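Take a look at the letters that make up each chain.
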Amino acid sequence: SSQMLYKLANQEGGFKPARYFSIDRVFRNETMDATHLCEFHQVEGLVADYNLSLGDLIGTIETFFKKIGIEKLRFKPAFNPYTEPSMEIFGYHPDLKQWTEIGNSGMFRPEMLAPMGLPENVRVIAWGLSLERPTMIKYRIKNIRDLFGHKVDMSRTRMAPVCRFDDLNTE
């Protein structure tokens, strides 16, 4: 992120607002249970623009999840070393009857952005969202291990509907 922000700040013509997204596999030392795997897929994104606020970050995350049919969200203050404020994101799983963490987010701290050469009023919002846990909520899957591995029910995979994202009017 820092090298990319440095290039964004120092490109020919100066800073221009930008959005970056990626989906990647993440590995972690985790005990497997109904909501934890030792690897998961993460949707990462960041937006660099003038005068962004925490409201912009929350609105971006709410819009993303609304588009995939998850509307019961909670945001909890959290600590991340490079962002302040920072928030964990929880979605409600109706079958587990619990709030499940589905992501983390925050606004890059000004002291992190200054060495990049970004203009003083540029703010950067960022997030990392799981793919597996929102899939559990959307398709009402109770155990994350039912999504991967040698015990996956192939009939569920064959019969699963195509996931379509309807256009949402965000006016």
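Keep in mind it's a predicted model, so treat the numbers as computed, not measured.

Chemist: So what exactly am I meant to see when it comes to the overall build of the protein here?
Modeler: A tally of helices and strands in the protein yields 5 helices and 6 strands. Traced from its N-terminal end to its C-terminal end, the protein shows the element sequence α-β-β-α-β-β-β-α-β-α-α. Of all 171 residues assigned to the protein, the portion counted as buried reaches 33%. A fraction of 59% describes how many contacts in the protein between residues 6 or more apart in sequence connect residues 24 or more apart. On the protein, roughly 10900 Å² of surface is accessible, and the fraction owed to carbon and sulfur atoms is 51%.

Chemist: Is there a simple way to think about the sheet that holds strand β2 (residues 39-50) in this case?
Modeler: Within a sheet, each strand pairs with its neighbour through backbone hydrogen bonds, oriented either parallel or antiparallel. What the 6 strands build is an open sheet, ordered β1-β2-β6-β5-β4-β3; its pairing is antiparallel. On the outer flanks of this sheet lie β1 (18-27) and β3 (73-80), each paired with one strand and no other. When the angles between neighbouring strand axes are averaged without regard to direction, this sheet yields 25°. Pairing of strand β5 (residues 98-108) with strand β6 (residues 122-130) involves 5 bridges; the strand directions are antiparallel. Counterpart to G106 in the pairing with β6 is A126.

Chemist: Can you help me understand helix α2 (residues 54-67) in this one?
Modeler: Given 3.6 residues per helical turn, the α-helix brings residues three or four places apart onto the same face. When the terminal C-alpha atoms of α2 are compared, their 20 Å separation across 14 residues agrees well with the 20 Å that a helix rising 1.5 Å per residue should span. The complete set of buried residues in α2 reads L57, I61 and F65. One face of α2 carries all of its buried residues, which in axial projection span an arc of 55°. The opening residue of α2, the one whose side-chain oxygen lies 3.2 Å from the backbone nitrogen of G55, is S53. Among the residues trailing α2, G69 stands out with phi positive, at a value near 90°.

Chemist: Explain the nonpolar core to me, please; I cannot follow it from the model alone.
Modeler: Side chains that are nonpolar tend, in soluble globular proteins, to be buried together. In this structure, L57, F65, I89, I125 and W127 are the most contacted members of the largest nonpolar core, which totals 17 residues. Mapped onto this core, the elements with two or more residues apiece are β2, α2, β4 (83-93), β5 and β6. Among the nonpolar cores identified, the runner-up in size contains 14 residues, and A9, L118, V122 and V124 belong to it.

Rules behind the numbers
- Residues numbered from 1 in each chain as written.
- Predicted model: local features only at pLDDT ≥ 70, side-chain atom pairs only at ≥ 80, totals over all residues.
- Heavy atoms only, no water.
- Helix = DSSP H or I, 4+ residues; strand = E, 2+ residues; numbered from the N terminus.
- Buried < 20%, exposed > 50% of the residue type's maximum accessible area, 1.4 Å probe, protein only.
- Contact = heavy atoms within 4.5 Å.
- Areas by Shrake-Rupley, 256 points an atom, 1.4 Å probe, with all protein chains shown as cover.
- Pairing = 2+ DSSP bridges.
- Axes fitted to C-alpha atoms, helices over the stretch in contact; angles between N-to-C directions.
- Expected span 1.5 Å × (residues − 1).
- Arc of directions from axis to C-beta.
- Polar contact = N/O pair within 3.5 Å; in protein donor to acceptor, adjacent residues only side chain to side chain.
- Core = buried A, V, L, I, M, F, W, Y, C linked by side-chain atoms within 4.5 Å.

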